[in-house]
Amino acid sequence: MDRFLLGQYIYGNSYVHRLDPRAKLLGTFAFIILIFLANNFWTYGVIVLFTLFAAYMTKISAKIYWQGLRPMLWLMIFTVTLQILFTSGGDIYLKWGIITISQYGIINSIFILVRLSTIIFMSTILTITTPPMLIADAFASLLKPLKKVKFPVDQFSMICSIALRFVPTLMETATKIMNAQRARGASFNDGNIIKRIKSIIPMLIPLLINSMKIAIDLAESMTARNYQLGEPRTQFRRLRWHKTDLYVLYYFAILTLLLIVLRRF
Amino acid sequence: MSENIIEVRNLTYTYSQNNQPTLKNLNLDIIKESWTSILGHNGSGKSTLVRLLTGLKEPDSNSQAQIKINGIAASEEKWFDIRNDLGIVFQNPDNQFVGATVEDDIAFGLENRNIDPDEIEKRIKEVLDFVNMSEFRKMEPSKLSGGQKQRVAIAGILAIRPKVIILDEATSMLDPQGRNQIHQVIQEIKAKYQVTVISVTHDIEEATKADDICVLSDGQLVKQGTPKEVLIDENWLTEMGLMLPFAKQLAVELRQHAIDVPRDILDESELVEYFWKLNSKM
Ligand SMILES: Nc1ncnc2c1ncn2[C@@H]1O[C@H](COP(=O)(O)OP(=O)(O)OP(=O)(O)O)[C@@H](O)[C@H]1O
Ligand SMILES: [Mg+2]
């Protein structure tokens, strides 16, 4: 129950860990956009190397990345298979009804595989080196300009951080309820998928009621601690740009340059 | 004459689902810088009183209720000012954490009061030292024990430098050791800061150590005074649905064996002293 998509934060002190979360968040977005510049083996090669370089900089073992990627494996296999089977062009190796396996299909599917896996890999690097709270902070900080159009940025970031804060609490409650129901003979792991889903439903109701109670308690506690909607409040955790954050800019400049030059070949 | 920090007059409150009021014309004074215990059977209205004393609920609109805290008469616009000097610790530690880490949670109350981040940093250090939790500063609250959670909650309250601290059964979910640690922290707070502590509790031993005790029953204040005054009559305590302190239970037993233990003995050390005297007389 406690493993998430993309891998959870792992404590560390590498250069990537210490980067400003905004730099990492923006970097990840930039990377996803830059991937679309890639169009041949050279450029995709650069993308792969860049990803591996970034992963190496985190000083986190390959095994942990593999664990982060594994849940996405089926999605990747599915996409790649579709690509192979339904793209035509170039030499045709096999044809059977609407299914063709062609040269372009294979090349395309390799490119798509690289795209998907490097995007997931980069996002994993972000989530594995940055505590969720800081990602939320970075997000809120980057949204700040939206205040001008009256978007409630502060409330939005408070909602995000409370949601994150209560993930472990809700997990704990869910485990408790499951154990209580197991003790009374419920089973969650037997039978076919429909049976399993059915066995989850009686768990959801107590979980929902519990969450309501937590929400009421929390609201009282926040009010008692003088939280006021829309009033100015200071921010204890401040994000500060450091000189080292600028290096990210250089890395990305080099990456962009390489991609632009190499895509002509 | 001692000054009152809280004055409550004619407080009546009815939950919207109920037709009977939960608090009925309650009058209450809390002495400034005292440690006041509030006792009462389950459902006597203690938590409801706490919610009204912190502005989480408003008294019935058709009542003549008046609440005055720290010189400010409560009204809807004034609650934020009143709460600036008020700290509350609730029963369930899990549901009162707002921050994702210990330090973030302590910062929450300070951020709400618009306090400068450098000052927040200083206070976090000070209060975590005070409750002996400095090494847990970066920890997620869900990874702490119940006693540690409550110590962090108290630290978060202490950081705002409150004049009044209200604890609503803050120790009821803790083991005896955790409970003792919290009691000790509160003693230390009382010694170091000028605060009034109001502690809602079912722990009668804790109440024997308070300066002042209020007993609630069915939404009314039925008795108020020092522990010696309030806890003297065993039969009355039982009638109120309260437990007897251990020393008093023992005294009741001893009296049945013709040892006439005085009724104002409240704790073990007084009992021991009485036996010493008894022994030297024989
Ligand atoms: N949210 C609510 N809605 C309706 N009635 C309530 C609510 N909360 C409490 N009550 C009722 O008000 C009365 C007093 O409850 P309160 O929680 O103040 O008692 P208490 O003295 O704190 O009890 P305990 O020792 O169990 O904590 C009870 O009869 C209870 O049923
Ligand atoms: Mg209560």
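Residues numbered from 1 in each chain as written. Chains lettered and ligands numbered in written order. Predicted model: local features only at pLDDT ≥ 70, side-chain atom pairs only at ≥ 80, totals over all residues. Heavy atoms only, no water.

Peer 1: What is the right way to look at the pattern of salt bridges in this model?
Peer 2: Pairing between side chains of opposite charge can happen when their charged atoms approach one another. Residue and element names in this part refer to chain B. Under the defined criterion, the tally for this structure stands at 25 salt bridges over all chains. In this structure, E103 engages K138 in a salt bridge whose closest nitrogen and oxygen atoms are separated by 3.1 Å. Within this pair, whereas E103 is found in helix α3 (residues 102–112), its partner K138 is found in the loop between α4 (117–130) and α5 (146–158), the two being separated by 35 residues in sequence. K143 is the salt-bridge partner of E140, the closest N and O atoms lying 3.7 Å from each other. Residue class for E140 comes out partly exposed when judged on its relative accessible area of 33%. Each of D233, E234, K248, R255 and R263 takes part in salt bridges that share partners, so that together they form one network. (Salt bridge = Lys/Arg side-chain N within 4 Å of Asp/Glu carboxyl O. Helix = DSSP H or I, 4+ residues; strand = E, 2+ residues; numbered from the N terminus. Buried < 20%, exposed > 50% of the residue type's maximum accessible area, 1.4 Å probe, protein only.)

Peer 1: Just checking my understanding: could you explain the packing of aromatic side chains for this structure?
Peer 2: Geometry of an aromatic ring pair is reported as the spacing of the ring centres plus the angle between the planes. Residue and element names in this part refer to chain A. Inspection of every chain in the model, using the stated rule, returns 12 aromatic pairs over all chains. Residues F31 and F50 carry aromatic rings whose centres are separated by 6.0 Å and whose planes lie at 15 degrees to one another, so their mutual orientation is stacked. Here F31 is found in helix α2 (residues 21–34), whereas its partner F50 is found in helix α3 (residues 41–57), with 19 residues between them in sequence. Overall, F50 belongs to the buried group, its relative accessible area being 13%. Taken together, a centroid distance of 5.3 Å and an interplanar angle of 65 degrees make the contact between F41 and F111 edge-to-face. Remark: F111 occurs in helix α6 (residues 103–129) and F41 occurs in helix α3; sequence separation between them is 70 residues. (Phe/Tyr/Trp six-rings, centres within 6.5 Å; stacked < 30°, edge-to-face > 60°.)

Peer 1: What am I meant to see in the UniProt feature "domain: ABC transporter" (unreviewed entry) in chain B here?
Peer 2: Taking the numbering used here, the UniProt-annotated feature "domain: ABC transporter" (unreviewed entry) corresponds to residues 6–243 of chain B. Taken end to end, residues 6–243 of chain B is 35% helix and 23% strand, and its two terminal C-alpha atoms sit 27 Å from one another. (UniProt positions renumbered as here; feature names shortened; annotations may be inferred.)

Peer 1: So what exactly am I meant to see when it comes to the pairing of strand β1 (residues 92–96) of chain A here?
Peer 2: Residue and element names in this part refer to chain A. The element β1 is largely exposed, with a buried count of zero among its five residues. When β1 meets strand β2 (residues 99–102), the two strands line up antiparallel, connected through four bridges. Within β2, the residue paired with W96 across the bridge is I99. Counting the residues between successive antiparallel strands, the hairpin from β1 to β2 contains two residues, one of them, G97, with a positive phi of roughly 65 degrees. (Pairing = 2+ DSSP bridges.)

Peer 1: Explain unusual backbone geometry here, please?
Peer 2: Most peptide bonds take the trans configuration, and most residues that are not glycine carry a negative phi. All names here are of chain B. The phi torsion at N10 lies on the positive side, around 50 degrees, for a residue other than glycine. By the secondary structure assignment, N10 is in strand β1 (residues 4–13). We classify N10 as partly exposed; its relative accessible area is 29%. Positive phi values are uncommon outside glycine, yet N70 reaches one of about 55 degrees. Among the structural elements, N70 can be located in the loop between β4 (66–69) and β5 (72–73).

Peer 1: Looking at this structure, I do not really get the site of ligand 1. What am I missing?
Peer 2: Residues and elements named next belong to chain B. Near ligand 1 lie 14 residues; those nearest to it are N42, K46, S47, T48 and H202. Measuring from an oxygen atom of ligand 1, one finds a side-chain N or O atom of N42 at 2.8 Å. Between an oxygen atom of ligand 1 and a main-chain N or O atom of G43, the distance comes to 2.9 Å. (Near = heavy atom within 4 Å. Polar contact = N/O pair within 3.5 Å; in protein donor to acceptor, adjacent residues only side chain to side chain.)

Peer 1: Looking at this model, I keep getting lost on the domain arrangement of chain A. Mind explaining?
Peer 2: In many reports, interface size means the accessible area that the parts give up when they come together. All names here are of chain A. Here chain A is described as being made up of domain 1 (2–143 + 243–262) and domain 2 (153–224). Placing the centre of domain 1 and that of domain 2 at their C-alpha centroids yields a distance of 32 Å. The interface of domain 1 with domain 2 comprises seven residues on the first partner and nine residues on the second. Of the roughly 610 Å² buried at the junction of domain 1 and domain 2 (both faces included), carbon and sulfur atoms supply 92%. One can count zero salt bridges joining domain 1 with domain 2. At the surface where domain 1 touches domain 2, the tally comes to zero residue pairs in polar contact (both at pLDDT 80 or more). Split by residue class, the side of domain 1 that touches domain 2 holds seven nonpolar, no polar and no charged. (Domains from an automatic or database assignment. Contact = heavy atoms within 4.5 Å. Buried area = accessible area lost by both parts, 1.4 Å probe. Nonpolar A, V, L, I, M, F, W, Y, C, P; charged D, E, K, R; others polar.)

Peer 1: Explanation requested: the interface of chain B and chain A in the structure shown.
Peer 2: Listed per partner, the contact involves 39 residues of chain B and 26 residues of chain A. When the two sides are added together, the surface that chain B and chain A hide from each other amounts to roughly 2,900 Å², 51% of it contributed by carbon and sulfur. Counting the surface chain B buries against chain A, the share from its top three residues, N95(B), E111(B) and N112(B), is 21%. Our enumeration of links across chain B and chain A arrives at six salt bridges. In this structure, D118(B) and R238(A) form a salt bridge, with 3.7 Å as the shortest nitrogen-oxygen distance. Between chain B and chain A we count 20 residue pairs in polar contact (both at pLDDT 80 or more) in total. Among the elements of the structure, α2 (79–83), β6 (86–89), α3 and α4 of chain B are those that each provide at least two residues to the side of chain B that touches chain A. Per-element tally for the side of chain B that touches chain A: the top contributor is α3(B), with 10 residues. Grouping the constituent residues of the side of chain B that touches chain A by class yields 16 nonpolar, nine polar and 14 charged.

Peer 1: Please explain the sheet that holds strand β3 (residues 35–40) of chain B as it appears in this structure.
Peer 2: Consider a sheet: its strands pair through backbone hydrogen bonds, and that pairing is either parallel or antiparallel. All names here are of chain B. Strand order in this open sheet of six strands is β6-β7-β8-β3-β9-β10, and the pairing throughout is mixed. Strands with a single pairing partner mark the edges of an open sheet, and in this sheet they are β6 and β10 (220–225). Pairwise comparison of adjacent strand axes, ignoring direction, gives a mean angle of 15 degrees for this sheet. Here helix α6 (residues 176–192) sits on the sheet in contact with β3, β7 (164–168) and β8 (196–200), set at roughly 140 degrees to β3. (Axes fitted to C-alpha atoms, helices over the stretch in contact; angles between N-to-C directions.)

Peer 1: Sorry if this is basic, but what is going on with a nonpolar patch on the surface here?
Peer 2: Residue and element names in this part refer to chain A. A surface patch of nonpolar side chains, about 670 Å² in accessible area, is lined by F41, Y93, L94, W96, I106 and I110. Taken together, the elements giving at least two residues each to the nonpolar patch come down to β1 and α6. Broken down by element, the residue count for the nonpolar patch peaks at three residues, all from β1. Position of W96 among the secondary structure elements: in strand β1. Classification of W96 by relative accessible area gives exposed; the value is 66%. (Patch = residues over 30% accessible without salt bridge, like charges linked within 9 Å, V, L, I, M, F, W, Y side chains within 5 Å. Areas by Shrake-Rupley, 256 points an atom, 1.4 Å probe, with all protein chains shown as cover.)

Peer 1: Can you walk me through the sheet that holds β4(B) in this structure?
Peer 2: Residues and elements named next belong to chain B. With antiparallel pairing, the four strands of this open sheet are ordered in space as β2-β1-β4-β5. Among the strands making up the open sheet, the edge pair consists of β2 (23–31) and β5. Summarising the sheet, β1 and β4 pair through four bridges and their orientation is antiparallel. Following the sheet pairing, E7 is matched in β4 by K68.

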